[in-house]
Amino acid sequence: MLNLVLFGPPGAGKGTQSDLIVEKYNLIHISTGDLLRAEIKAQTELGTIAAAKIEKGELVSDDIVIGMIKNKLAANLNAKGFIFDGFPRTTAQAEALDVLLKEVNMSVSCMLSLEVETPELLKRLLERGKVSGRADDQDESIIMNRMAAYNSSTLPVKEYYKAQGKQFEIQGVGSIQEIFESICAVVAP
Ligand code: B4P
């Protein structure tokens, strides 16, 4: 069972690389960003709470995000494995993921950290903002809030997986195919 965590700052290419990884390894893709945007679109109560955070570039609360992951795992118990895209984003989420996986005799196989510098991230996100319709990609101050949330709350997650010997850094600048090949070299050397 292959369970991958795809990690990195906003715009690092998590969603982009997830699509390729899912196709090659036949995994279930769980993107908390996509799940939250689906809730917002469906105008659910959870979506309203999430929208207020995402619009400001802040993280959605751990209990909401962990609850969504729990539901997704329960609904896919026969899967060949999972790719967690943009989750965990806090150490509390990482601890909760370990507990949830252990309950079904699974564990995280490895954590892939896409390394991209801030100016490149800003450029990519503003470019995506022109076509995606995502308000959180269109405003530089919101993007910088997302970077700040990453630095303060999400970066410690790297240390969490490093301590478990599961963290691998991937150069996230280059062609999408080159980056994908670096990921594959770690996943199945
Ligand atoms: P996400 O949806 O996870 O968004 P992201 O970090 O912006 O995207 P990603 O890194 O996947 O970017 P992509 O590949 O598309 O989160 C959105 C918000 O939801 C968060 O800010 C937060 O508020 C909330 N949220 C989500 N999960 C949460 C959690 N666990 N806890 C709390 N809150 C949570 O790449 C970006 C752009 O770069 C694309 O346009 C792509 O085409 C381009 N690109 C990709 N690879 C490239 C390359 N190699 N070269 C050039 N461009 C490239």
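Up top you'll find the structure we're talking about.
Just so we're clear, the structure is a prediction, and the values are computed from it rather than from any experiment. (Residues numbered from 1 in each chain as written. Predicted model: local features only at pLDDT ≥ 70, side-chain atom pairs only at ≥ 80, totals over all residues. Heavy atoms only, no water.)

Near the ligand lie 28 residues; those nearest to it are Gly 15, Thr 32, Glu 58, Arg 128 and Arg 146. Within the side chain of Thr 32, an N or O atom sits 2.7 Å from a nitrogen atom of the ligand. Residue Val 60 places a main-chain N or O atom 3.1 Å away from a nitrogen atom belonging to the ligand. Contact with the protein chains removes 86% of the 1000 Å² of surface that the ligand exposes when unbound. Taking a 2 Å distance to the grid points as the criterion, the majority of the atoms of the ligand fall inside the largest pocket. Among the secondary structure elements, those contributing two or more residues to the shell around the ligand are α1 (14–25), α2 (32–41), α6 (118–132) and α9 (176–187). Counting residues per element, the shell around the ligand draws most heavily on α2, which supplies four residues. Considering only residue class, the shell around the ligand consists of 11 nonpolar, nine polar and eight charged. (Near = heavy atom within 4 Å. Polar contact = N/O pair within 3.5 Å; in protein donor to acceptor, adjacent residues only side chain to side chain. Areas by Shrake-Rupley, 256 points an atom, 1.4 Å probe, with all protein chains shown as cover. 1 Å grid on protein atoms, 1.4 Å probe; cavity = no way out; pocket = protein on both sides within 12 Å on 5 of 7 lines; lining within 4 Å. Sits in = over half its atoms within 2 Å of the grid points. Helix = DSSP H or I, 4+ residues; strand = E, 2+ residues; numbered from the N terminus. Nonpolar A, V, L, I, M, F, W, Y, C, P; charged D, E, K, R; others polar.)

One pass over the full model with this rule turns up four aromatic pairs. A centroid spacing of 5.8 Å and a plane angle of 25° characterise the contact between Phe 82 and Phe 84, whose relative ring orientation is stacked. A relative accessible area of 0% places Phe 84 in the buried class. In this structure an aromatic cluster arises from ring pairing among Phe 82, Phe 84 and Phe 87. (Phe/Tyr/Trp six-rings, centres within 6.5 Å; stacked < 30°, edge-to-face > 60°. Buried < 20%, exposed > 50% of the residue type's maximum accessible area, 1.4 Å probe, protein only.)

On to the pattern of salt bridges, then. The full count for this structure, using the stated rule, is 13 salt bridges. Between Glu 58 and Lys 53 there is a salt bridge; the shortest N-O distance is 3.4 Å. In this structure Lys 53 comes out as partly exposed when scored by relative accessible area, which is 32%. The partner of Lys 162 in a salt bridge is Glu 159, with the nearest N and O atoms 3.7 Å apart. Here the residue Lys 162 and the residue Glu 159 both occupy positions in helix α8 (residues 156–163), the gap between them amounting to three residues, near one helical turn. The class for Lys 162 is partly exposed, based on a relative accessible area of 45%. When salt bridges that share partners are traced, they join Arg 128, Arg 134, Asp 136, Asp 137 and Arg 146 into one network. (Salt bridge = Lys/Arg side-chain N within 4 Å of Asp/Glu carboxyl O.)

On to the nonpolar core, then. Judged by nonpolar contacts, the single largest core of 29 residues is most densely connected at Ile 69, Phe 84, Leu 97 and Tyr 161. Put simply, the parts of the chain that give this core at least two residues each are β1 (2–7), α3 (45–54), α4 (62–75), β3 (81–85), α5 (91–103) and α8. When residues of this core are assigned to their parent elements, the largest contribution, six residues, is made by α4. Excluding residues that lie within four positions of it along the chain, Tyr 161 makes contacts with Val 5, Pro 88, Ala 94, Leu 97, Val 108, Met 111, Lys 166 and Gln 167. Core analysis: the second largest hydrophobic core is formed by 22 residues, Leu 6, Val 116, Leu 121 and Ile 143 among them. (Core = buried A, V, L, I, M, F, W, Y, C linked by side-chain atoms within 4.5 Å. Contact = heavy atoms within 4.5 Å.)

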